[in-house]
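Below are the chains, spelled out letter by letter.
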Amino acid sequence: MQALEPPVRVRLLRYTRDGPLLVAAAARITVSKKPVERAMEMGPGEVEKWIRELVRRGHGSPLEHAVYTFEAECSRVCSHQLVRHRLASYTQQSMRYTEGFLRSMALKVCSIMGVGSCPERPTSANDYRVYETVLREAAGRLEGPDGSGWALIVAASRGYVFNPSWSPETMARVARAYLGATAEYYGLLAGRVPREDARMVIPQAVRTRIVFTMNARELLESFLPLRMCSHAQWEIRMLAWGVWRELMKVHPEIFRYAGPRCILEENRVRPEPCSLEQYLNGDCDFTIPRCPEMVPKPGIRSCLRYAAESSRASAGPRGLGG
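Residues numbered from 1 in each chain as written. Predicted model: local features only at pLDDT ≥ 70, side-chain atom pairs only at ≥ 80, totals over all residues. Heavy atoms only, no water.

(A) Main features of the overall build of the chain. Within the chain, the regular secondary structure consists of 15 helices and four strands. Taking as baseline every contact in the chain between residues at least 6 positions apart, the subset at least 24 positions apart corresponds to 71%. Just so you have it, the chain exposes about 15100 Å², and 50% of that area is on carbon and sulfur atoms. A distance of 1 Å separates the average location of the 45 positive side-chain charges in the chain from that of its 34 negative side-chain charges. (Helix = DSSP H or I, 4+ residues; strand = E, 2+ residues; numbered from the N terminus. Contact = heavy atoms within 4.5 Å. Areas by Shrake-Rupley, 256 points an atom, 1.4 Å probe, with all protein chains shown as cover. Lys, Arg positive; Asp, Glu negative; His and termini not counted. Charge placed at Lys NZ, Arg CZ, Asp CG, Glu CD.)

Spelled out as C-alpha cells, the structure:
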C-alpha cells in the first residue's frame, strides 16, 4: 500500500560552521582580558565546558552568534505557528504566484482517474476547467466504495497535510474536502478570478515551503522548548523535533541540552545539565516538582517520551534534495 506524503519535511541549509567555538569564545571573553582571537584558542573539551556552563547558568547572549537556516515543508497551519517566533527571519512560498503543490496533486489525480488531457502547466480557462472537473469527480468517488479511494487520499497528501493518526474514514472525509475545495479554486481561476482572491477557498492544511533562520539562543530557549513539548500542536511538534535532529548532526555540543521546557527548566536547577538522550533513557532523573505545563514530576518522563515517539512521522527527505 502506498504511504502518505510525510506531514513535515525539514532540512538544514546553512549554519555557522564554527558555531560552538564562536559561542564558547564569546562566553570566555566576558570573564577574561584576552582578545577574541586568543579566547578561541581552545580544544573541543574546553569548548564543551563553556557551552555547558552557559546552559546551566542561563547565560544566553553568547549563543546568539551561531546562526542556522532551514527549509521546511508543512501546512500553513504549521507555518502560521512558526512565524510567531519573532527573533527569526522568514521567507515563504507565495500562493499569489504558484500553486505547485496543488498542481502536483491534481496531475496525480488525473493519472488515477485515467484522464490523459490534464495540462502540466495550466494557463487558460479551459486548462483550469479540466482540473476543476477531474478534482470534483475524484471528490465524489471518495464517497463510495471505489477501490481507488486510498490512492486518491495519497494523491491528496501531495497538496495537503494529513495527520498520520487519523482513521482511514477520517482521511477519506478530509480528502474529500481538500479535493472539493481545490476544484472550487481551479473553477474560480477558470472564471478569471485573480489567483490572490481564488486562494481564499483553499484550506489551511495546504502545503507550503518556508525558509527560516534562527540563532542558537532562540532555538535553545524559545522555539525548541515550546514546540518539542507534547502539549504543542502535533505538526509543529514534528517540525521542532526534525529541526533538533538536524542540529544534532552538526553541533551536538550545543543542542544535546535542548528539548521541551521541562528540559530547559531542569537543567537550570541541576549542578550539571543533562542531555535530552539522558532524560529519555532514564540516566538523569527529574527533580522539579512539575513541568511548566503542570505535569507532575512522576509523569514528566513518559510525557517526554511520547513527544519524541510521536514526532517520528516527519521522517522523509524526498522533495528536499534527498
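After that view, the rundown keeps rolling.
(B) A look at the sheet that holds strand 3 (residues 89-92). Spatially, four strands are ordered 1-2-4-3 in an open sheet, and the strand pairing comes out antiparallel. The two strands at the open ends of the sheet, each matched to only one other strand, are strand 1 (9-15) and strand 3. Averaged over neighbouring strand pairs, the angle between their axes works out to 20° when direction is ignored. Where strand 1 meets strand 2 (residues 67-75), six bridges bridge the pair, whose relative direction is antiparallel. Considered in strand 2, the bridge of Arg14 is made with Thr69. (Pairing = 2+ DSSP bridges. Axes fitted to C-alpha atoms, helices over the stretch in contact; angles between N-to-C directions.)

(C) Expanded view of the pattern of salt bridges. Under the criterion given, the structure shown has 25 salt bridges. Put simply, Glu73 and Arg209 hold a salt bridge, and the shortest N to O gap is 3.8 Å. Placement of Glu73 in strand 2 and of Arg209 in strand 4 (residues 207-215) is noted, with a sequence separation of 136 residues between them. Put simply, Asp285 and Arg301 hold a salt bridge, and the shortest N to O gap is 3.0 Å. Linking Asp285 in the loop between helix 14 (276-281) and helix 15 (297-309) with Arg301 in helix 15, this pair joins segments that are 16 residues apart in sequence. Put simply, Glu5, Arg9, Arg11, Glu71, Glu73, Arg207 and Arg209 are held in one network by salt bridges that share partners. (Salt bridge = Lys/Arg side-chain N within 4 Å of Asp/Glu carboxyl O.)

(D) Looking closely at the state of the cysteines. In the structure shown here, the tally under the stated rule is two disulfides. Note on cysteine connectivity: Cys110 is disulfide-linked to Cys118, with sulfurs 1.8 Å apart. One disulfide, between Cys110 and Cys118, carries an S-S torsion of -70° and so falls in the left-handed class. For Cys118, a relative accessible area of 13% puts it in the buried group. (Disulfide = S-S within 2.5 Å. Buried < 20%, exposed > 50% of the residue type's maximum accessible area, 1.4 Å probe, protein only.)

(E) Seen up close, the environment of Pro296. Tracing the chain through its elements places Pro296 in the loop between helix 14 and helix 15. Look at Pro296 and you get partly exposed, because its relative accessible area is 47%.

(F) Layout of the packing of aromatic side chains. Scanning all chains against the criterion turns up 13 aromatic pairs. Centroid distance Tyr15 to Tyr68: 6.5 Å. Interplanar angle 10°. Geometry classified as stacked. On the criterion of sequence distance, the pair formed by Tyr15 in strand 1 and Tyr68 in strand 2 is long-range, its members being 53 residues apart. Residue classification places Tyr68 among the buried positions, given a relative accessible area of 0%. When the ring of Phe162 is compared with that of Tyr178, the centres are 5.2 Å apart and the planes differ by 80°; the resulting orientation is edge-to-face. Here the residue Phe162 occupies a position in the loop between helix 7 (149-156) and helix 8 (168-190), and Tyr178 occupies one in helix 8, the gap between them amounting to 16 residues. Tyr178 shares its class with Phe162; the two are buried. Within the aromatic cluster, the residues linked to one another by ring pairs are Phe70, Tyr90, Phe212 and Phe223. (Phe/Tyr/Trp six-rings, centres within 6.5 Å; stacked < 30°, edge-to-face > 60°.)

(G) Structural view of the nonpolar core. With 58 residues, the main nonpolar core has Tyr68, Leu224, Val243 and Phe255 as its most contacted residues. The leading source of residues in this core is helix 11 (residues 234-250), at nine residues. The contacts of Leu224, once residues within four sequence positions are left out, are Leu219, Ala240, Val243, Trp244, Leu247, Phe255, Ala258, Gly259 and Pro260. Among the nonpolar cores identified, the runner-up in size contains 36 residues, and Met113, Leu179, Ala190 and Ile202 belong to it. (Core = buried A, V, L, I, M, F, W, Y, C linked by side-chain atoms within 4.5 Å.)

(H) Seen up close, helix 5 (residues 100-113). Its 14 residues place the ends of helix 5 20 Å apart at the C-alpha level, agreeing with the 20 Å of an ideal helix rising 1.5 Å per residue. Every buried residue of helix 5 is listed here: Phe101, Leu102, Arg103, Met105, Ala106, Val109, Cys110 and Met113. Residues of helix 5 that are buried in the fold lie against strand 2, helix 6 (125-141), helix 7, helix 8 and strand 4. Looking one or two places after helix 5, you find Gly114, whose phi comes out positive at around 75°. (Expected span 1.5 Å × (residues − 1).)

(I) Representation of unusual backbone geometry. Positive phi outside glycine occurs at Arg192, with the angle close to 70°. Secondary-structure assignment places Arg192 in the loop between helix 8 and helix 9 (195-198). Take Arg192: its relative accessible area is 66%, and that puts it in the exposed class. Its identity is not glycine, yet Met294 carries a phi of approximately 75°, on the positive side.

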